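Letter by letter, the chains look like this.
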Amino acid sequence: MLFVYGTLQFDAVLKALLGRIPEQVPASAPGYRAAKLKGRVYPGLVQAGGRSASGAVLLNLDNHEWRILDAFEDEHYELREVPLSNGKLGWAYVWPGGDVQAADWRATEFEEHHLEEYAARCARIAPGLAAGEPKSE
């Protein structure tokens, strides 16, 4: 199971990247927050004591879909297990540091100002990611 807290929460992004919308359930990651990142429209999951990052858990991803998501998140993120609010551990793409702002990333702001263009970009790069090529944009 993959905990998503940023752009991968949006059906349009998932559909563009994977060609389908995986089953998902609401979840949160205690001890973390989705931070705004300087110069980026997507967030980074960073440790934050006393906080909790809200999001969802994607279920039933196949190996091909995991490879696509790994290529999409590329070297900017580290895939780590994080504690979830349901008491289980889930995998998440964690931001290793740098460019982290004090403000939290807001899904509503992203949806209003960036989602359409971002999903279109994901659709453009998805064939290359699916073919095992590195992210080109």
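Above this text sits the structure in question.
Everything in this summary refers to the structure shown in the same document. (Residues numbered from 1 in each chain as written. Predicted model: local features only at pLDDT ≥ 70, side-chain atom pairs only at ≥ 80, totals over all residues. Heavy atoms only, no water.)

**Topic: the overall build of the chain**
Here is step 1: The helix and strand inventory of the chain stands at four helices and six strands.
Here is step 2: Ordered by position from N to C terminus, the α and β elements of the chain give β-α-β-β-α-β-β-β-α-α.
Here is step 3: The C-alpha radius of gyration computed for the chain amounts to 14 Å, which stays within 12% of the reference 14 Å derived for 137 residues, consistent with globular compactness.
Here is step 4: Each of the three principal axes of the chain carries a C-alpha extent, and together these read 40 × 30 × 25 Å.
Here is step 5: Across the 137 residues that make up the chain, the buried fraction comes to 45%.
Here is step 6: Counting only contacts in the chain whose residues sit at least 6 apart along the sequence, the fraction spanning at least 24 positions is 69%.
Here is step 7: Placing the 14 positive and 19 negative side-chain charges of the chain at their respective mean positions leaves the two points 4 Å apart. (Helix = DSSP H or I, 4+ residues; strand = E, 2+ residues; numbered from the N terminus. Rg over C-alpha atoms; globule rule 2.2 N^0.38 Å. Buried < 20%, exposed > 50% of the residue type's maximum accessible area, 1.4 Å probe, protein only. Contact = heavy atoms within 4.5 Å. Lys, Arg positive; Asp, Glu negative; His and termini not counted. Charge placed at Lys NZ, Arg CZ, Asp CG, Glu CD.)

**What about the layout of surface pockets?**
Here is step 1: Each pocket or cavity is described by its volume, and for the largest pocket that value is around 230 Å³.
Here is step 2: Lining the largest pocket are 17 residues, with Tyr42, Phe72, Glu73, Tyr77 and Tyr118 positioned closest to its centre.
Here is step 3: Taken together, the elements giving at least two residues each to the lining of the largest pocket come down to strand 1 (2-4), helix 2 (63-73) and helix 4 (115-130).
Here is step 4: A breakdown of the residues in the lining of the largest pocket according to their chemical character gives ten nonpolar, three polar and four charged.
Here is step 5: Reported here for the second largest pocket is a volume of approximately 160 Å³.
Here is step 6: At the level of elements, strand 2 (24-37) and strand 3 (44-58) are the ones that each hand at least two residues to the lining of the second largest pocket.
Here is step 7: In terms of residue count, strand 3 provides more of the lining of the second largest pocket than any other element does, four residues in total.
Here is step 8: Classifying every residue of the lining of the second largest pocket by side-chain character gives five nonpolar, three polar and four charged. (1 Å grid on protein atoms, 1.4 Å probe; cavity = no way out; pocket = protein on both sides within 12 Å on 5 of 7 lines; lining within 4 Å. Points joined across faces, edges and corners; volume = space filled by probe spheres on them. Nonpolar A, V, L, I, M, F, W, Y, C, P; charged D, E, K, R; others polar.)

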